[in-house]
Amino acid sequence: MPSVRTVVGWITRHPDTLTEDEGKQLKAVLDACPELERTHELVRDFAQTLARRTGADLPDRISSGAPKVL
């Protein structure tokens, strides 16, 4: 099992920078933990907001993610 630091690194890095092995390990971790899978989705969504510079949508994204329990 990878360390917490390693998993956080995988979640917060751009998906294209993960090696094939890292991608497989991340998938295994996310498959084992639905809360972490949801966290991963929220991080990806936020990263896309930053990359696309659609900050005006941020309040809606925050309220859509906030009620869900992580």
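Above this text sits the structure in question.
Residues numbered from 1 in each chain as written. Predicted model: local features only at pLDDT ≥ 70, side-chain atom pairs only at ≥ 80, totals over all residues. Heavy atoms only, no water.

Visitor: Break down the overall build of the protein for me, citing the residues and quoting the values.
Guide: Within the protein, the secondary structure is distributed over 4 helices and 0 strands. Seen in sequence order, the protein has helices and strands lined up from the N terminus as α-α-α-α. Of all 70 residues assigned to the protein, the portion counted as buried reaches 17%. Restricting to contacts in the protein with at least 6 residues of sequence separation, those with at least 24 account for 46%. Counting every atom, the protein has about 5200 Å² of accessible surface; 60% of that belongs to carbon and sulfur. (Helix = DSSP H or I, 4+ residues; strand = E, 2+ residues; numbered from the N terminus. Buried < 20%, exposed > 50% of the residue type's maximum accessible area, 1.4 Å probe, protein only. Contact = heavy atoms within 4.5 Å. Areas by Shrake-Rupley, 256 points an atom, 1.4 Å probe, with all protein chains shown as cover.)

Visitor: Outline the environment of V8, supporting the account with residue identities and numerical values.
Guide: One can find V8 in helix α1 (residues 4-12). Between the alpha carbons of V8 and L36 there is a distance of 10.0 Å; along the sequence they are 28 residues apart.

Visitor: Got a sec to walk through helix α2 (residues 20-32)? Specific residues and values, please.
Guide: An α-helical turn contains 3.6 residues, so a residue and the one three or four places further along point in the same direction. Look at α2: 19 Å from first C-alpha to last across 13 residues, which is about the 18 Å you get at 1.5 Å a residue. Residues of α2 that are buried make contact with α1 and α3 (34-52). (Expected span 1.5 Å × (residues − 1).)

Visitor: Explain the packing of α2 against α3 residue by residue, including any values.
Guide: The packing of two helices is summarised by the inter-axis angle and the distance between the axes. Following both chains from N to C, one finds α2 and α3 inclined at 120°, their axes separated by 5 Å at the closest point. With respect to α3, the axis of α2 lies oblique. Residues L26, V29, L30 and A32 of α2 touch α3, and the partners they reach there are P34, L36, E37 and H40. Each residue belonging to the contact of α2 with α3 can be placed in one class, and the counts come to 6 nonpolar, 1 polar and 1 charged. (Axes fitted to C-alpha atoms, helices over the stretch in contact; angles between N-to-C directions. Parallel < 35°, antiparallel > 145°, perpendicular 65-115°, else oblique. Nonpolar A, V, L, I, M, F, W, Y, C, P; charged D, E, K, R; others polar.)

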